[in-house]
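Secondary and tertiary structure notes
These are the residues of each chain, in order.
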Amino acid sequence: MKIKVINPNTTASMTQKIGMAARKVAAPKTEIIACNPTMGPVSIECHYDEALSVVGLLAEIRQGEIEGADGYVIACFGDPGLLAARELATGPVIGIAEAAMHTASLIATGFSIVTTLSRTRIIAQQLVENYGMSRFCRNIRSTDLAVLELESDSQARKVITEECRQAIVEDNAGAIVLGCSGMADLATAISQEIGAPVIDGVGAAVKLVELLVSLGLGTSKVGDLAYPISKPYTGILRSLAP
Ligand code: 5HY
């Protein structure tokens with residue numbers, strides 16, 4: 001099985017970390033292709049970043065259809081372009097926020113999300129509502145760490161761990177959902193340190209894609225997720241016309 005794990009920002013070092021987290025949990029016969037677009041924001045931390053990251057993401061999905069990918073992971077906690085990606089894809093497409101939240105709801109009656117900048121909390125909140133996770137999500141906490149500081153700031157792990165610890169104590173949460181793909185490598189260590197389940201969406205999404213493909217299930221092409229309607233596009237998007 002071939003799974004394309006797409007980091008919608010353009011920071012290759014983050015893509016590498018995401019690829020390692022994906023391969024750590026992938027089944028032996030699963031080939032993980034970790035990639036990022038060549039165009040777009042270096043990190044996604046607001047609505048504008050998210051909107052413009054989708055063009056590059058969809059170009060990678062189109063390429064994946066040509067390469068014969070069996071399924072896809074959108075490795076950004078905003079799950080940008082999820083439904084548009086599902087329109088393009090034959091196989092399943094899973095966002096890491098969706099995967100992490102559903103996984104948490106299977107092992108705890110309540111979870112808290114620990115994310116990066118405070119301004120991204122509204123994006124997570126909208127996803128919690130969209131995915132029907134409001135009765136499970138106890139709180140959305142920010143660490144005020146920028147996405148790229150997760151790599152550069154030596155204190156980042158300590159700050160994230162403390163926020164997770166407080167969430168367990170103060171939010172009555174039974175599990176933690178990490179709110180950024182850049183935190184994918186921290187889940188196991190933080191879980192051991194705070195003594196509670198900590199969910200990395202990259203790993204959860206890879207296992208969900210494997211599950212769906214192994215059940216012979218792909219994205220439904222009946223109704224709104226049917227392939228995009230063919231029509232001309234103009235300007236710099238001409239080459240992306242469906
Ligand atoms: C992510 N941004 O997972 C999100 C996290 C966030 O570039 N990769 C990003 O802060 O919303």
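For the structure, see preceding data.
Nothing here was measured: the structure is a model prediction, and the numbers come from that model.

Quick look at the nonpolar core now. Counting residues in each nonpolar core, the largest one holds 51 residues, and the members touching the most others are Val-5, Met-101, Phe-111 and Ile-113. With six residues, helix α4 (residues 96–107) is the largest single contributor of residues to this core. Both domain 1 (2–95 + 203–240) and domain 2 (97–201) contribute no fewer than three residues apiece to this core. Excluding residues within four positions of it along the chain, Val-5 makes contact with Ile-18, Ala-22, Ile-32, Ile-33, Ala-34, Cys-35, Val-73, Ala-75 and Val-206.

It is worth spelling out the sheet that holds strand β7 (residues 175–178) at this point. Sheet architecture is open: four strands sit in the order β6-β5-β7-β8, paired in parallel fashion. Every other strand in the sheet has two partners, leaving β6 (137–142) and β8 (198–199) as the edge strands with one partner each. Looking at chain direction, strand β5 (residues 111–115) and β7 are connected through four bridges and run parallel. If you follow Phe-111 over to β7, its bridge partner there is Ala-175. Along the sheet face, helix α5 (residues 121–130) touches β5 and β6 and points at about 160° away from the line of β6.

So, on to the pattern of salt bridges. Under the definition given, this model contains 11 salt bridges. With a shortest N-O distance of 2.7 Å, Arg-141 and Asp-171 are connected by a salt bridge. Of this pair, Arg-141 sits in strand β6 while Asp-171 is found in the loop between α7 (156–170) and β7, placing the two residues 30 residues apart along the sequence. Both residues of the pair, Arg-141 and Asp-171, belong to the buried class. Close ionic contact of Arg-165 with Glu-162 constitutes a salt bridge, the shortest N to O distance being 3.2 Å. In this pair, Arg-165 and Glu-162 are both assigned in helix α7, three residues apart and thus about one turn of the helix distant.

Taken together, the buried positions of α5 are Ile-123, Ala-124, Leu-127 and Val-128. One side of α5 holds all its buried residues, which, seen down the axis, span an arc of 140°. Contacts made by the buried residues of α5 are with α2 (47–67), α4, β5 and β6. Positive phi appears at Gly-132, one or two residues downstream of α5, with a value of about 70°.

Moving on to the packing of helix α1 (residues 12–25) against helix α9 (residues 201–214). Relative orientation of the contacting elements α1 and α9 amounts to 50°, with a least axis distance of 8 Å. Accordingly, the angle class assigned to the pair α1 and α9 is oblique. Viewed along their axes, α1 and α9 form a crossing whose handedness is right-handed. Side by side, α1 and α9 meet where Ile-18, Ala-21, Ala-22 and Val-25 of the first sit next to Val-202, Gly-203, Val-206 and Lys-207 of the second. Looking at the contact of α1 with α9 residue by residue, the classes come out as six nonpolar, one polar and one charged.

Reading the values: the criteria
Residues numbered from 1 in each chain as written. Predicted model: local features only at pLDDT ≥ 70, side-chain atom pairs only at ≥ 80, totals over all residues. Heavy atoms only, no water. Core = buried A, V, L, I, M, F, W, Y, C linked by side-chain atoms within 4.5 Å. Buried < 20%, exposed > 50% of the residue type's maximum accessible area, 1.4 Å probe, protein only. Helix = DSSP H or I, 4+ residues; strand = E, 2+ residues; numbered from the N terminus. Domains from an automatic or database assignment. Contact = heavy atoms within 4.5 Å. Pairing = 2+ DSSP bridges. Axes fitted to C-alpha atoms, helices over the stretch in contact; angles between N-to-C directions. Salt bridge = Lys/Arg side-chain N within 4 Å of Asp/Glu carboxyl O. Arc of directions from axis to C-beta. Parallel < 35°, antiparallel > 145°, perpendicular 65-115°, else oblique. Left-handed = near helix turned anticlockwise from the far one by under 90°. Nonpolar A, V, L, I, M, F, W, Y, C, P; charged D, E, K, R; others polar.

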